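# Overview (structure and organization)
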Amino acid sequence: MTGRRIRVQGTVQGVGFRPWVYRIARDAAVTGRVRNDSAGVTIEAFGAPAALDEFVDRLAHDAARPPAAVIDHMIEQPIAFEPAATFSIDASAVTAEAHVSIPPDLATCPACLSEIHDPADRRHRYPFTNCTACGPRFTIVRSAPYDRLATTMAAFAMCPACQREYASVDDRRFHAEPNACPVCGPRLDLRGADGRPLAAADAVTAAAQALQDGLIVALKGIGGFQLACDATSEDAVARLRARKHRDEKPFAVMVRTLADAETLADLGAPERTLLLSPERPIVLAARRAESGLAEAVAPGNPLVGVLLANSPLHDLLLEAAARPLVMTSGNVSDEPIVTGNTDALDRLRGVADLFVLHDREIVTRADDSVARVVAGRPVVLRRARGYVPRAIESPVAFEATVLACGAQLKNTFCYGRGTEAVLGPHIGDLDSVRVFRDYEAAIARLGQFLGVTPEIVAHDLHPDYLSTRYALGVNHGAVAVGVQHHHAHIASGMAEHGLRGPVLGLAFDGTGYGTDGGAWGGELLLADYAEFTRLATFRPLALPGGDMAIRQPWRTALAMIDDAFGGEAPIEGFPLFRRIAHADLDVVLRMVHRGFNTTPAHGVGRYFDAFGALLLGRPFASYEGQIAIELDGAADPAERGRYDYAIDQLPSPWQVDLRPAVRAAVFEFLGGEPAGRISARVHNTIAAVSVDLVRAGARGAGRLPVVLSGGCFQNARLAESILRGLQPEFTVHLHQRVPPGDGGLALGQAVVAAARARSL
Ligand SMILES: [Zn+2]
Ligand SMILES: [Zn+2]
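Below, the structure is looked at part by part. Along every chain, residues carry numbers that run from 1 in the direction the sequence is written. Chain A is the first chain written and ligand 1 is the first ligand written, with later ones labelled in order. Residue-level local features of this predicted model are given only where pLDDT is at least 70; pairs of side-chain atoms are given and counted only at 80 or more, and the full residue set underlies all totals for whole chains, interfaces and linings. The side-chain values count all of the structure's non-hydrogen atoms but skip hydrogen atoms and water molecules.

Note: metal donors comprise N, O and S atoms at 2.8 Å or less from the metal (3.2 Å for Na, K and Ca); water molecules are not included, so apparent gaps in a site are possible. Around the zinc ion (ligand 2), the protein contributes the donor atoms Cys159 (SG), Cys162 (SG), Cys181 (SG) and Cys184 (SG), which lie 2.2 to 2.3 Å from the metal centre. Considering all four donor atoms around the zinc ion (ligand 2), the spread of angles at the metal, 104 to 116°, places the coordination shape in the tetrahedral class. In the primary structure, the donors to the zinc ion (ligand 2) are separated according to the pattern C-x2-C-x18-C-x2-C. Remark: Cys184 occurs in the loop between α5 (160-167) and β6 (188-192) and Cys162 occurs in helix α5; sequence separation between them is 22 residues. Buried residues are those whose accessible area, probed at 1.4 Å on protein chains only, stays under 20% of the maximum for their type, while exposed residues exceed 50% and partly exposed ones sit between those limits. For Cys162, a relative accessible area of 0% translates into the label buried. Site shape is set this way: if four donors have all angles between 85 and 135 degrees, tetrahedral; if opposite donors are over 155 degrees apart and all others between 65 and 115, square planar for four donors and octahedral for six; otherwise irregular. The secondary structure listing takes helices from DSSP runs of H or I that are at least 4 residues long and strands from runs of E that are at least 2 residues long, numbered from the N terminus.

The structure is reproduced here in structure tokens:
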């Protein structure tokens, strides 16, 4: 007989891990104990060596491991044998657990789903059913450590039946903190458009009827309110757009089953796995022509965002409504999602025709997460519900606690302590007062959960980002460290993949503030965590009117062809410019020629905007990246051709000159070549440029690992063709768990600041 201590790190708390350990220990005839502690879970196991081997093997490989549990590390050490009669789950010391992150919210598990559909079960049709493998977590916690009294379920006293489940180690609800049933748990509360209570035998049935009638229903979900309507009804979707003040940005569509999802979008195996994962993100996939969805769901967009029900309430509602539902955040334009009942009745008045409220409070808002598959692997594009606050193991140790404040748009923030980086939930664009207040509150709350006070505050170099101002203002004796935008992107990719550096990093996005005060965004960097060298960039495009050119990409298109044709832009042949008043064209041309009120921008994203506007005749963008997405969607997948370009290696940094490509594309377009083929060639050209840049960088720096980061790498076509060009000559890393866009920036800021702090 012998003993072993096994330390398990990863997502192992709040996911049913200890009861599962108990069960496999019992099956393997191993005695001892398991407990949560500050590092994760510690097991002390005693028995015959063969039994211990079997036990450890099942810990690592057992198929019945709780689906939300993720083991990052398992460290074994021999200990002296102790005669113990049984295997037990020891109470965790509060002090030890106080430093442990709160688990993320988990979608309803199959066992709970079958209970709510079983007429004989006591939880039949109960919308708040959950167990140790599923249910709300992060969004209902008020303080750490994670137990019932620290959650908004503290308001509900468990009935004897629930209490028995909670206390029984063999039950799937052993220590399921939000455990509830129709007798003792939260209840739905149906309200009319005016906020007055409505009497209905069943709130779910009434809401489903309203949806079938084309009405808009506000629904209290897991991370906040959502607005739902019939996704097959043009009228209902158009009404929702009008009331929400949202013009063309796509809506996500929720369905009940994978089979339902297959009718809407073309799904491969990785998309199916993502849809079914306990994180239940919105998955972007190619929309099927015969999807039956209203065109207004995602106008002009070849992709559709699909997600499966993530709570019993969603599942019951979809079953009763019997159709796909638009499921979008419950807010007006770009404000934070509403989380409180009173707030919902106030701020969503006039938007929703019916309110489905309930009395389980949401403490921390968490939007639905968004992911897509690129090169066969999932990439998280918006990281919120289901993923937050799961920690990312950092290759750079945080010797001092770091708070990284993130970007201005698609903001997330990040704490770093020890060897862990914890990204907060997607906050959104920091340009409204409400979003900014939400940002401050979310930073404070996550800091409190983690029990940390920042000693270093990392921020972007852009002086006008509100996150930068927050960082420089907050400063309670913390050291402020400015981190260049694209260096942060590359460092974020390095950290996610555990790279030590140096790397060759391609950072492609719309705009980021450079160390020279310029607008960068098409950069080849030679980078480690502390430092970077800007090896190459793109010849700048003039943005006439600055930021106005981002909403009106016809301006950039005009500047691009004007530059390529030496000030003689051939505007006559383009339908795009026929949609713009002559006077406006003249004004913008004069701005370009005189360099007046124009910003030179190096962003690859701006080139995609300009080509998109030109080829598709789209003068205006109603949301960021819209025209680039449409250009990608239009590209002919069979086309392999590309255009000429030059890389001028005389200046430092080198400069990519796309003027030959612009001229060739213009001649082809004017000669009647289909836009889809030109679009494909433009993409192929940027991919070829990227491969050449990396090879040129490697001639001086050696064949280093390559990191691709920045918002342009949400574009699967671009990322995949660069991968094809660089592999197997180079090892190339794309983002997976952290967004490639500005939503992942804070992680990079955190690790760069930590690395710099060491050399201070
Ligand atoms: Zn469950
Ligand atoms: Zn109960």
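Axes here mean lines fitted to C-alpha atoms, for a helix over just the part in contact, with angles spanning 0 to 180 degrees between N-to-C directions. Orientation of helix α14 (residues 485-496) relative to helix α24 (residues 745-759), taken along the N-to-C sense of each, is 90°, at an axis distance of 7 Å. Considering the angle they form, α14 stands roughly perpendicular to α24. Contacts from His485, His487, Ala488, His489, Ala491, Ser492, Ala495 and Glu496 of α14 reach α24 at Leu745, Leu747, Gly748, Gln749, Val751, Val752 and Arg756. Residue polarity is assigned by list, with Asp, Glu, Lys and Arg as charged and Ala, Val, Leu, Ile, Met, Phe, Trp, Tyr, Cys and Pro as nonpolar; anything else, Gly included, falls into the polar class. Of the residues belonging to the contact of α14 with α24, the class tally is seven nonpolar, six polar and two charged. Each angle is binned into one of four classes, with values under 35 degrees roughly parallel, values over 145 roughly antiparallel, values of 65 to 115 roughly perpendicular, and all other values oblique. Contact between two residues is taken to exist if any of their heavy atoms lie within 4.5 Å; hydrogens are not considered.

Let's shift gears to the coordination of the zinc ion (ligand 1). Every protein donor of the zinc ion (ligand 1) is listed here as Cys109 (SG), Cys112 (SG), Cys131 (SG) and Cys134 (SG), and their distances to the metal cover 2.3 Å. Here the zinc ion (ligand 1) binds four donor atoms, and the angle range of 103 to 116° at the metal identifies the geometry as tetrahedral. Counting gaps between the donor residues of the zinc ion (ligand 1) yields the pattern C-x2-C-x18-C-x2-C. Remark: Cys134 occurs in the loop between α4 (110-116) and α5 and Cys112 occurs in helix α4; sequence separation between them is 22 residues.

Right, let's talk about the pattern of salt bridges for a bit. Pairing is possible between side chains that carry opposite charge, provided their charged atoms lie close to one another. The salt bridge criterion pairs a side-chain nitrogen of Lys or Arg with a carboxyl oxygen of Asp or Glu, the two atoms within 4 Å. Scanning the entire structure with this criterion turns up 51 salt bridges. The partner of Arg58 in a salt bridge is Asp27, with the nearest N and O atoms 3.6 Å apart. Taken as a pair, Arg58 in helix α2 (residues 49-61) and Asp27 in helix α1 (residues 17-27) lie far apart in primary sequence, 31 residues in all. The residue Arg33 makes a salt bridge to Glu44 at a minimum N-O spacing of 2.6 Å.

Turning our attention to the packing of aromatic side chains. To pair, rings of Phe, Tyr and Trp, with the six-membered ring standing in for Trp, must have centres within 6.5 Å; the planes then decide the type, stacked if under 30 degrees apart, edge-to-face if over 60, and tilted in the middle. Within this structure, the stated rule accounts for 18 aromatic pairs. The rings of Phe413, Tyr415, Phe436, Tyr439 and Tyr470 are connected pair by pair, giving a single aromatic cluster. Lysine and arginine charges are scored as sitting over a ring when NZ or CZ, respectively, is within 6 Å of the ring centre and within 35 degrees of the ring normal. Just above the ring of Phe251 sits the side chain of Arg241; from NZ or CZ to the centre is 4.2 Å. Sitting above the plane of the Trp520 ring, Arg534 keeps its charged end 3.7 Å from the centroid.

Moving on: helix α18 (residues 582-594). Given a helix with a known number of residues, its expected span is that number minus one, times 1.5 Å. The end-to-end C-alpha distance of α18 is 18 Å, a good match for the 18 Å that 13 residues give at a rise of 1.5 Å each. Taken together, the buried positions of α18 are occupied by Leu585, Val588, Leu589, Met591 and Val592. Projected down its long axis, α18 carries its buried residues within an arc of 155°, all on one side. Projecting away from the buried face of α18 at angles above 90 degrees are the exposed residues His582 and Arg594. Just downstream of α18 lies Gly595, where phi reads positive at about 65°. Relevant arc is that of directions from the helix axis to the C-beta atoms, nothing else.

Let us look at the environment of Val217. With respect to the helices and strands, the residue Val217 is situated in strand β7 (residues 217-220). Val217 gets classed as buried once you look at its relative accessible area, which sits at 0%. Along the chain, Val217 and Ala635 lie 418 residues apart, while their C-alpha atoms are 37 Å from each other. Residues contacting Val217, with those up to four places away along its chain left out, are Ala207, Ala210, Leu211, Gln226, Leu227, Ala228, Leu354 and Val356.

Moving on: the sheet that holds strand β16 (residues 392-404). The pairing criterion for strands is at least two bridges between them, as found by DSSP. Read from one edge to the other, the open sheet built from four strands follows the order β17-β16-β18-β19, with strand pairing classed as mixed. The open sheet has two edge strands, β17 (414-423) and β19 (479-483), and neither has a second partner. Put simply, the sheet's adjacent strands are angled 60° from each other on average, direction ignored. Strand direction decides the pairing type here: strand β18 (residues 456-460) and β19, joined by five bridges, are parallel. Paired with His459 across the bridge in β19 is Gly482. Most of the contacts of helix α13 (residues 466-474) go to β18, to which it runs at about 155°, and overall it touches β16, β18 and β19. Taken strand by strand, α24 contacts β16, β17, β18 and β19, and its axis lies near 75° from that of β16.

This part takes up the nonpolar core. Residues grouped as a nonpolar core are buried Ala, Val, Leu, Ile, Met, Phe, Trp, Tyr and Cys residues, joined through side-chain atoms within 4.5 Å. With 100 residues, the main nonpolar core has Phe508, Leu524, Phe538, Leu558, Ile561, Phe577 and Leu614 as its most contacted residues. Looking at which element gives the most residues to this core, the answer is helix α22 (residues 675-701), with 11 residues. Once residues lying within four places of it in the same chain are set aside, the contact partners of Leu558 are Ala569, Ile571, Phe577, Leu585, Val588 and Leu589.

Our next topic: empty space enclosed by the protein. Cavity means a closed set of points on a 1 Å grid over the protein atoms alone, one where a 1.4 Å probe fits but cannot get out, pocket means an open set with protein on both sides within 12 Å along at least 5 of 7 lines, and lining means a residue has an atom within 4 Å of a point. Grid points are joined across faces, edges and corners, and a volume is the space filled by probe spheres set on the points. All told, the structure shown has four cavities of 30 Å³ or more when counted by the stated rule. Forming the boundary of the largest cavity are 18 residues, of which Pro127, Ile222, Ser311, Pro312 and Arg360 lie nearest the centre. Considering only residue class, the lining of the largest cavity consists of eight nonpolar, eight polar and two charged.

With mixed pairing, the five strands of this open sheet are ordered in space as β4-β1-β3-β2-β5. Each of the sheet's edge strands pairs with one partner strand only, and the pair in question is β4 (70-79) and β5 (87-89). Neighbour-to-neighbour, the strand axes of this sheet turn through a mean angle of 15°, independent of strand direction. Sheet strands in contact with α1 are β1 (2-11), β2 (31-37), β3 (40-47), β4 and β5, and its direction is about 175° off that of β5. Packing of α2 onto the sheet brings it into contact with β1, β3 and β4, and relative to β1 it is tilted by some 5°.

Here we take up unusual backbone geometry. Val388 connects to Pro389 through a cis peptide bond whose omega is 5°. Among the structural elements, Pro389 can be located in the loop between β15 (377-382) and β16. You will see that Arg125, though not glycine, has its phi angle at about 60°, which is positive. You can see Arg125 is positioned in the loop between α4 and α5. Judged by relative accessible area, which is 28%, Arg125 ranks as partly exposed. Although it is not a glycine, His175 sits at a positive phi angle of roughly 55°. Here His175 shows up in the loop between α5 and β6. Its relative accessible area of 36% is what places His175 among the partly exposed residues.

A few words now on the environment of Gln9. Structurally, Gln9 is set in strand β1. Classification of Gln9 as partly exposed rests on a relative accessible area of 24%. Between the C-alpha atom of Gln9 and that of Ile75, which follows or precedes it by 66 residues, the distance is 8.7 Å.

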